[in-house]
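For reference, the chains in residue letters:
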Amino acid sequence: MTLLQQRLTRPGPKRILALDGGGVRGILTLGFLERMEAILREQHENPELLLCDYFDLIGGTSTGSIIATGLALGMSATELTEYYMTLGDKIFGQKKNILRYLSKGEKYDIKPMNKSLKAVFGNIKLGDQEKIKTGLCIITKRADTFSTWPFHNHPQGKYYDLNKDIPLWKIVRASAAAPTYFLPLILNIGNNENGSFIDGGISMANNPSLTLLLLATLKGYPFHWQVGTDQLSMVSVGTGSLHHKYDYSDFKHLNLLDWASMLPDHFMTDANYYNQIVMQILSDSPTATEIDSEIGDLKFDSLNGKHALSYLRFDVSYERKHLAELGFDYSDKEVKDLSSMDNYRNIPTLYNIGRLAAERQMKAEHFSEQFSLHHPAGQPVKRFTQNKDWNLNFDKVKKKSMPVEAVQIDEPFEVETIEGIMRGKPGDFLMRGVRGELYVCDRSIYDETYEKYDSDE
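Thresholds, definitions, all that
- In every chain, residue numbers begin from 1 and rise along the written sequence.
- Confidence filtering applies because this is a predicted model: local features only for residues at pLDDT of at least 70, side-chain atom pairs given and counted only at 80 or more, and all residues used for totals across whole chains, interfaces and linings.
- Side-chain numbers come from the whole structure's heavy atoms, not from hydrogens or water.
- Strands are runs of DSSP state E lasting at least two residues, helices are runs of H or I lasting at least four, and both sets are numbered from the N terminus onward.
- We call a residue buried when its accessible area falls under 20% of the maximum for its residue type, exposed when it is over 50%, and partly exposed in between, using a 1.4 Å probe and counting protein chains only.
- Any two residues having at least one pair of non-hydrogen atoms within 4.5 Å are treated as being in contact.
- Surface accessibility in these figures is a Shrake-Rupley result with a 1.4 Å probe; residues are shielded only by whichever protein chains are displayed.
- When a carboxyl oxygen of Asp or Glu is within 4 Å of a side-chain nitrogen of Lys or Arg, the pair counts as a salt bridge.
- Think of a patch as exposed residues, more than 30% relative accessible area, with no salt bridge, where like charges cluster within 9 Å and nonpolar side chains (Val, Leu, Ile, Met, Phe, Trp, Tyr) cluster within 5 Å.
- Strands were regarded as paired on the criterion that DSSP finds at least two bridges between them.
- Between N-to-C directions, angles span 0 to 180 degrees; the directions come from axes that are lines fitted to C-alpha atoms, helices contributing only their stretch in contact.
- Nonpolar cores are built from buried Ala, Val, Leu, Ile, Met, Phe, Trp, Tyr and Cys residues. Side-chain atoms within 4.5 Å join them into one set.
- Expected span of a helix, by definition, is 1.5 Å for each gap between consecutive residues, and there is one gap fewer than residues.
- Any pair of Phe, Tyr and Trp rings, taking the six-membered ring for Trp, is counted once the centres come within 6.5 Å. Such a pair is stacked with planes under 30 degrees apart, edge-to-face with planes over 60 apart, and tilted for the rest.
- Each ring is checked for a lysine NZ or an arginine CZ that lies within 6 Å of its centre and within 35 degrees of its normal; such an atom marks a charge sitting over the ring.

Caption draft 1: Summary view of the overall build of the protein. Broken down by element type, the protein carries 15 helices and 16 strands. The 457 residues of the protein split such that 48% are buried. Taking the contacts inside the protein whose residues are at least 6 apart along the sequence as the reference set, 68% of them involve residues at least 24 apart. Carbon together with sulfur atoms contributes 50% to the accessible area of the protein, which is approximately 24,800 Å² in total.

Dropping the structure here:
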């Protein structure tokens, strides 16, 4: 078993880093990540600590996938900032002519992006268990099947063998192929099948927090990490959110190009909105923000009175008053321009906004001792899940003939057990076991397993 496999499967609390999409605005994310890296280095008394040392899974969408991949390969936040400072004008500097744009939906030449991604990621493949230091997830959208794809490097993943030899730069390129900006990328996904992939931001996963939570916990995926505020922590970082309110009359005379330029912001705003609602309901979050004036920050909302994880969200609002608090005095027009995803001239300013916002928002106490690398993991406990082949030699056994009691219930019902609430449907059975414990038995299982007997026999 490789060191990476050991890390992904060992017991104990797990930490996830989720990075939004947003074009050149990714440099704002790096302002937060530099602050985060400095805090964690001080907490762990290790000036060389990297974010890949701390986080067990790093995932991103579009521009966030570029940053996530760099971090997972062992780059520091500062190294990635230096890379990003020169990346924007290369990727967004060579526009196609207007006819090409209108006929092909390709605003920029893709060759500079390919060259830049190859330069930093080389020929490293998704399945490289040595050069990739931690769990990695790159989120993209398969246009020909309308499906969101989380490419990840867990070796027990269902499609790992088909995807492990895809170069990282190609998957990142797919995740960043924003329609109207770049052409889709055709990827060979194994079994002689090709897929057409576009920007992962054209989905509900531009903010990848919820997708990464599902990846880490659902039984169909291979991670199977425990939930709980003391078992799972996620830090989510945005690229800035635009809350500009237009006048209704602004939309009367929009042309094709106007709509095309606005659609990415619509997608990103909706994706972030619904991700934040779900994540703040599911989590215990000291950084929870007001979703809207009706539902507030959801601090008193949860599912079944429990929270699934600890959650931190850091972002910047592209609003004049919020930017003014950071020392930036911009007009409405300048703010709108600042939120552009392809204006590379904004990169130095966006970096400073991210850096200053991080100083105000991100505190050392946000990164609790429970999730410190120094915190003892406790006694290892082997955890069995339903969809793995554990390669164990099971003996053939039969249940002893031990009488239990049953009564059929003709309405929906619930039973409190030490494992939680069990729910029964009309027609299911309420069972009383040998120690008097109550539990639910599905009618079909009851019919296959039990039969009445005469207690006098």
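There's plenty left to go through after this.
Caption draft 2: Quick look at the pattern of salt bridges. Across all of its chains, the model carries 15 salt bridges by this definition. One salt bridge in this structure joins R7 and D56, with 3.1 Å as the shortest N-O distance. Here the residue R7 occupies a position in helix 1 (residues 3–9), and D56 occupies one in the loop between helix 3 (51–54) and strand 2 (57–61), the gap between them amounting to 49 residues. The buried category is assigned to R7, whose relative accessible area is 8%. For the salt bridge of R15 with D56, the shortest nitrogen-to-oxygen distance reads 3.4 Å.

Caption draft 3: The arrangement of a nonpolar patch on the surface in detail. Together, W259, L263 and F267 make up a nonpolar patch on the protein surface, roughly 270 Å² of accessible area in all. Tracing the backbone shows L263 in helix 11 (residues 256–282).

Caption draft 4: Geometry of the sheet that holds strand 12 (residues 405–408). With antiparallel pairing, 3 strands are arranged side by side in an open sheet as 12-15-16. Every other strand in the sheet has two partners, leaving strand 12 and strand 16 (438–441) as the edge strands with one partner each. Put simply, the sheet's adjacent strands are angled 30° from each other on average, direction ignored. With 4 bridges joining them, strand 15 (residues 429–432) and strand 16 adopt antiparallel strand pairing. Residue M431 lies in a different strand from strand 16, and its bridge partner there is Y439.

Caption draft 5: A look at the nonpolar core. Ranked by size, the top nonpolar core spans 77 residues in total, and within it L17, F32, L33, M36, L71, V235 and F367 carry the most contacts. Here the element with the most residues in this core is helix 2 (residues 26–43); it accounts for 8 residues. Discounting chain neighbours no more than four positions away, the residues touching M36 are L17, L51, F55, V235, V237, M362 and F367. Listed in part, the 21 residues of the second largest apolar core include L4, L8, A216 and M279.

Caption draft 6: Expanded view of helix 2. Taking 1.5 Å per residue, 18 residues should reach 26 Å; helix 2 reaches 26 Å between its end C-alpha atoms and fits that length. In terms of burial, helix 2 is a largely internal element, 13 of the 18 residues being buried. Within two residues after helix 2, E45 carries a phi angle of roughly 50°, on the positive side.

Caption draft 7: Seen up close, the packing of aromatic side chains. For the structure shown, the criterion picks out 11 aromatic pairs. The rings of W149, F151 and F197 are connected pair by pair, giving a single aromatic cluster. Lying over the aromatic face of Y54, R15 brings its terminal NZ or CZ to 5.2 Å of the ring centre.

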